[in-house]
Amino acid sequence: MKTWKRLAAFLLCGSMVLALGACAENANTNPGTDPSTNPSASDPSASSGNNIVVAAASLGSTLNPWDQTDGTTSAFQYAAYDRLVQYKTTTDANGNAVADTANLEGVIAESWETSEDQLTWTFHIDPDATFANGDKVLAEDVIWSYEHARDGANSSFLFGLTNIIDMQAPDDATVVFTLSQKSHMFLRLLETYPFCIVNKDEAEAGMAEDPDYLTTHTAGSGPYEITTYDITSSVVLTARDDYWGDKRVAKNDTVTWQLVQEPSNRQMLLQNGDVDVALNLDDKNINTVAEMDGIQVVKNASNMHLYLAMNVNIEPFDNVLVRQAIACAIPYDTLVNDVMFGNAVRTTSMLPDNVSGHISDDKTCYQTDIEKAKELLAEAGYPDGFSCTLMLGNGFTDWKDTAITIQDALSKIGITMEINEIDRATFLTEIADKDVPLFINRYNPFVGDPGYVANNLYVTGASFNYENYSNPEFDELFKKAEAADTEEERLDYYKEMQYIFAEDCPVVQLYQYGFAYCARDNVSGYVFLPDLTLRFEYLSKV
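Residues numbered from 1 in each chain as written. Predicted model: local features only at pLDDT ≥ 70, side-chain atom pairs only at ≥ 80, totals over all residues. Heavy atoms only, no water.

- Under an unreviewed UniProt entry, the protein chain has the name ABC transporter, substrate-binding protein, family 5 and belongs to Pseudoflavonifractor capillosus ATCC 29799.
- One UniProt comment on the protein chain, placed under Sequence similarities (unreviewed entry), says "Belongs to the bacterial solute-binding protein 5 family."
- Among the UniProt annotations of the protein chain, the heading Subcellular location (unreviewed entry) holds the following wording: "Cell envelope". (UniProt positions renumbered as here; feature names shortened; annotations may be inferred.)

Spelled out as C-alpha cells, the structure:
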C-alpha cells in the first residue's frame, strides 16, 4: 500500500448558474425584506463587526447536497458540510489567492492510502471530526452519505464517475472503497458537493418526520450552521464556535446572503457600502465598478465556456468542410471584446484553459479568415452558401448577442442564418434529443480533468454530446488515456485527441467566461475556486 497523506490532484469546476426556487423556510427562519426595493433593509452588519453581507441574484433552492443543481446552493453546502478532502490554496501570477490545482488535503480524512493498482482506497477519519450537534463523524456516516449520492437523481452521475463498486467500514474510523477500474479523477470528485458528509442519525430522524428535511435543514460538520433559510429574502450562516477543524475555521462571525435580483441594485448597494460583496454584476459594468473608490474587483478566468454546436448527422453540417468554413468565419475577438466587454478569453482547444492537458497552437483552434471560409464552403459544394436556423435558449444576454454577431459574420460567406429563440427549458429538452442542426450551448466541467470533459461531451454516445460527434480513433485514444499508468502518458493521448477534434470541428469553441469578484476593499481573504463558488470561511472584514 502506498500512503499519501496529501495526494496531488486537480480542480473542480462548477457552475455559477443561479436559479430562484420556491420559498422554503426552516424552524429558525426570520423572513426579511429584499434590499433591492428597500436598501435600508439590508443587514446592518454590513457596516459593523466581522459580519459579511452578500448581495446575490438567487438564494438557491435546496440545501440537500444530492439534489442541488445551482452554484448558490453548493456554496451553502460547502459552508455547512465537510467532505473527506478539499483543495489547498496558493497564489496566482498576480498574487491573488486561488485554489491549488495540484494538491488536495484531508478534511474529515486525516490520511488515506491506495493500493498499487489504485483500485482500493482506504480513508482514516480524523478523530476530532464532529458534527454541529456534537456527534462524532463515523465511517457509517460517510458510507450512508455516499449511498445517497449514488442514488440521488442529481448526484448519481458524479458518483458513477468515481467507479466505486463497494464501500466498507472495518471500524468506526476507517472507510474502504473498491473501484471497478482506476479513476484518474477519484479524489477530485470526492471534493465536490455531492460527497458532503451528512450526520446519518440526525438526518434519518429528521427525514422520518419530513422526507424533505434536508431540503431546508443541514446536518453537517462544516464551519457554519445555517440559522436563517428563507430563499425569498435572506440566508444567514453563523460560524460555529466549536468547529473541530484547524483548516476551515471561519474568519468571520456571520455571512448573510440578501436576495437582490437586479444587477443594477446589487451594484448600487455595493457602491453605497450597504453590502460587502455583490455577485454577478453586468459584464458591461465590471470595469467601471473596478475604478470606484472603496471597491475591489478580482478577475479570474473560469472553465465555463460557450460553444457553437453543429450536428454532424444533419446536412449540411455533416460535411466537415462546412464546419471548418464556419469556424473560419467566426469573429472571435469581437465576441470577447464587444459581446463580453473583455470579461472573457477565447477558448483555444476542446479543453478549457484551466483543464489539465490543455494545449493551444495553430492546430487546435481556427483564426478568423473570411476568404478561407469562402474557399472551404465552395470546396464543400456550397459556393453560394445556404440557409439554416440556429436554435437559441433565452435568458442569457451574451448568448443572444453572440448569436447576432455570428449571424452577421456568416452572412459574409453566403450563409443566411435565422435565429429561433425559445424558452430555456424547451431548449434543453430539444437539444437533448440530439436532432437540432445548429445551436449555442454553455458547459462548465465540475472537475477540471480532460477525461471528465471528453467523457461528458465528446466520446461517442456521451450524455451531452448533442451534436452526435463520433470518431473511432478519438474514442480509442480516450480508452487508452483512461487506462494509462502515468499522467504524462495520459496527457499525450489527450494531445492527439485535441488535434483530431479540431480537424473534425463538430463544435466551435467561442469563449471562456471570466468571473469577477466584487467587494468592498475592507473585505479580505477571497480565494478563487474554479467552481466559482465562494468559500465563506476565508472572508474577513476590518
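Focus on the packing of aromatic side chains
Stage number 1. Tallying each qualifying case throughout the model produces 30 aromatic pairs.
Stage number 2. Ring centres 5.4 Å apart and planes at 85° place the aromatic pair Tyr-469 and Phe-501 in the edge-to-face group. Taken together, the residues Tyr-469 in the loop between helix H14 (450-457) and helix H15 (472-483) and Phe-501 in helix H16 (residues 487-504) connect sequence positions 32 residues apart.
Stage number 3. Of the residues examined, Tyr-469 reaches a relative accessible area of 3% and is grouped as buried. (Phe/Tyr/Trp six-rings, centres within 6.5 Å; stacked < 30°, edge-to-face > 60°. Helix = DSSP H or I, 4+ residues; strand = E, 2+ residues; numbered from the N terminus. Buried < 20%, exposed > 50% of the residue type's maximum accessible area, 1.4 Å probe, protein only.)

Some thoughts on unusual backbone geometry
Trans peptide bonds make up most of the peptide bonds, and negative phi angles are found at most residues other than glycine.
Stage number 1. Here the residue pair Glu-315 and Pro-316 is connected by a cis peptide bond, since its omega of 5° sits within 30 degrees of zero.
Stage number 2. Even without being glycine, Phe-341 reaches a positive phi, approximately 55°.
Stage number 3. Counting through the fold element by element, Phe-341 comes out in the loop between helix H10 (332-339) and strand E14 (344-345).
Stage number 4. Accessibility expressed as a relative area gives 38% for Phe-341, which makes it partly exposed.

A closer look at the pattern of salt bridges
Stage number 1. If you walk through the whole model with that rule in mind, you get 16 salt bridges.
Stage number 2. Here Lys-200 and Glu-204 are joined by a salt bridge, their closest N and O atoms 3.3 Å apart. Taken together, the residues Lys-200 and Glu-204, both in helix H5 (residues 200-209) and four residues apart, mark about one turn of the helix.
Stage number 3. Lys-400 is the salt-bridge partner of Glu-421, the closest N and O atoms lying 3.3 Å from each other. Here Glu-421, found in strand E16 (residues 416-422), pairs with Lys-400, found in helix H12 (residues 397-411); they are 21 residues apart in sequence, far enough to count as distant.
Stage number 4. For Lys-400, a relative accessible area of 41% translates into the label partly exposed. (Salt bridge = Lys/Arg side-chain N within 4 Å of Asp/Glu carboxyl O.)

Some remarks on the nonpolar core
Stage number 1. Of all hydrophobic cores here, the largest spans 158 residues; its most connected members are Tyr-146, Phe-177 and Trp-257.
Stage number 2. It is strand E18 (residues 507-520) that contributes the most residues to this core, eight residues altogether.
Stage number 3. In this structure, Val-53, Val-260, Leu-269 and Ala-516 belong to the second largest nonpolar core, which totals 14 residues. (Core = buried A, V, L, I, M, F, W, Y, C linked by side-chain atoms within 4.5 Å.)

Structural notes on the packing of H14 against H16
Stage number 1. Their axes nearest at 11 Å, the elements H14 and H16 cross at an angle of 45°. With respect to each other, H14 and H16 are oriented oblique. For the pair H14 and H16, the sense of crossing is left-handed. For the pair formed by H14 and H16, the contact residues are Pro-450, Gly-451 and Ala-454 on the first element and Arg-490, Leu-491, Tyr-494 and Met-497 on the second.
Stage number 2. Split into classes, the residues belonging to the contact of H14 with H16 amount to five nonpolar, one polar and one charged. (Axes fitted to C-alpha atoms, helices over the stretch in contact; angles between N-to-C directions. Parallel < 35°, antiparallel > 145°, perpendicular 65-115°, else oblique. Left-handed = near helix turned anticlockwise from the far one by under 90°. Contact = heavy atoms within 4.5 Å. Nonpolar A, V, L, I, M, F, W, Y, C, P; charged D, E, K, R; others polar.)

Quick word on the domain arrangement of the protein chain
Stage number 1. For the protein chain, the domain assignment lists domain 1 (51-294 + 521-541) and domain 2 (303-514).
Stage number 2. Distance between the C-alpha centres of domain 1 and domain 2: 31 Å.
Stage number 3. Taken together, the 15 residues of domain 1 in the interface contact 21 residues of domain 2.
Stage number 4. Summing the contributions of domain 1 and of domain 2, the shared interface buries around 1,500 Å²; its carbon and sulfur component is 56%.
Stage number 5. The closest approach of N and O atoms between Arg-188 and Asp-449, which form a salt bridge, is 2.7 Å.
Stage number 6. Applying the counting criterion to the domain 1 and domain 2 interface returns five residue pairs in polar contact (both at pLDDT 80 or more).
Stage number 7. If you list the elements that add at least two residues to the side of domain 1 that touches domain 2, you get helix H3 (156-161), helix H4 (186-190) and helix H8 (283-290).
Stage number 8. Residue contributions to the side of domain 1 that touches domain 2 peak at four residues, all from H8.
Stage number 9. Residue composition of the side of domain 1 that touches domain 2, grouped by class: eight nonpolar, three polar and four charged. (Domains from an automatic or database assignment. Buried area = accessible area lost by both parts, 1.4 Å probe. Polar contact = N/O pair within 3.5 Å; in protein donor to acceptor, adjacent residues only side chain to side chain.)

What to know about the packing of helix H9 (residues 320-329) against helix H11 (residues 370-379)
Stage number 1. Orientation of H9 relative to H11, taken along the N-to-C sense of each, is 165°, at an axis distance of 8 Å. Considering the angle they form, H9 stands roughly antiparallel to H11. The handedness of the crossing between H9 and H11 comes out as left-handed. Taken together, the residues of H11 that come into contact with H9 (itself represented by Leu-321, Val-322, Gln-324, Ala-325, Cys-328 and Ala-329) are Ile-370, Lys-372, Ala-373, Leu-376, Leu-377 and Glu-379.
Stage number 2. Its residues assigned to classes, the contact of H9 with H11 comprises nine nonpolar, one polar and two charged.

What about empty space enclosed by the protein?
Stage number 1. Inspection of every chain in the model, using the stated rule, returns three cavities of 30 Å³ or more.
Stage number 2. Around the largest cavity, the lining comprises 16 residues; the ones closest to its centre are Thr-364, Cys-365, Tyr-366, Val-507 and Gln-509.
Stage number 3. For the lining of the largest cavity, the elements supplying multiple residues, two or more each, are H16 and E18.
Stage number 4. Partitioning the lining of the largest cavity into residue classes produces ten nonpolar, five polar and one charged. (1 Å grid on protein atoms, 1.4 Å probe; cavity = no way out; pocket = protein on both sides within 12 Å on 5 of 7 lines; lining within 4 Å. Points joined across faces, edges and corners; volume = space filled by probe spheres on them.)

Topic: the UniProt feature "domain: Solute-binding protein family" (unreviewed entry) in the protein chain
Stage number 1. Per the UniProt record, "domain: Solute-binding protein family" (unreviewed entry) is annotated on residues 104-462.
Stage number 2. Between the end C-alpha atoms of residues 104-462 there is a gap of 28 Å, over a span that is 32% helix and 25% strand.

A short note on the environment of Asn-311
Stage number 1. Tracing the backbone through its elements, the reader meets Asn-311 in the loop between strand E13 (295-310) and H9.
Stage number 2. For the pair Asn-311 and Pro-506, spaced 195 residues apart in sequence, the C-alpha to C-alpha distance is 7.1 Å.
Stage number 3. Those residues in contact with Asn-311 that sit more than four places away from it in its chain are Phe-317, Asp-318, Lys-434, Asp-435, Val-436, Pro-437, Tyr-466, Glu-467 and Asn-468.
Stage number 4. Of the polar contacts made by the side chain of Asn-311, one reaches the backbone oxygen of Val-436; its length is 3.2 Å.
Stage number 5. Reaching out from Asn-311, the side chain makes a polar contact with the side chain of Asn-468 at a distance of 3.0 Å.

Focus: the side chain of Arg-535
Stage number 1. On the secondary structure map, Arg-535 appears in the loop between strand E19 (523-524) and strand E20 (540-541).
Stage number 2. Within polar-contact distance, the side chain of Arg-535 engages the backbone oxygen of Thr-533 at 3.3 Å.
Stage number 3. When sequence neighbours within four positions are dropped, the list of residues in contact with Arg-535 reads Tyr-78, Arg-83, Glu-191 and Leu-529.

Examining the confidence of the model for the protein chain
Stage number 1. On average, residues of the protein chain score 89 in pLDDT, and 91% of them are at 70 or above.
Stage number 2. Here residues 1-47 is modelled with pLDDT under 50, and outside its nearest four sequence neighbours on either side it reaches 167 contacts, counting other chains as well. (pLDDT = per-residue confidence, 0-100.)

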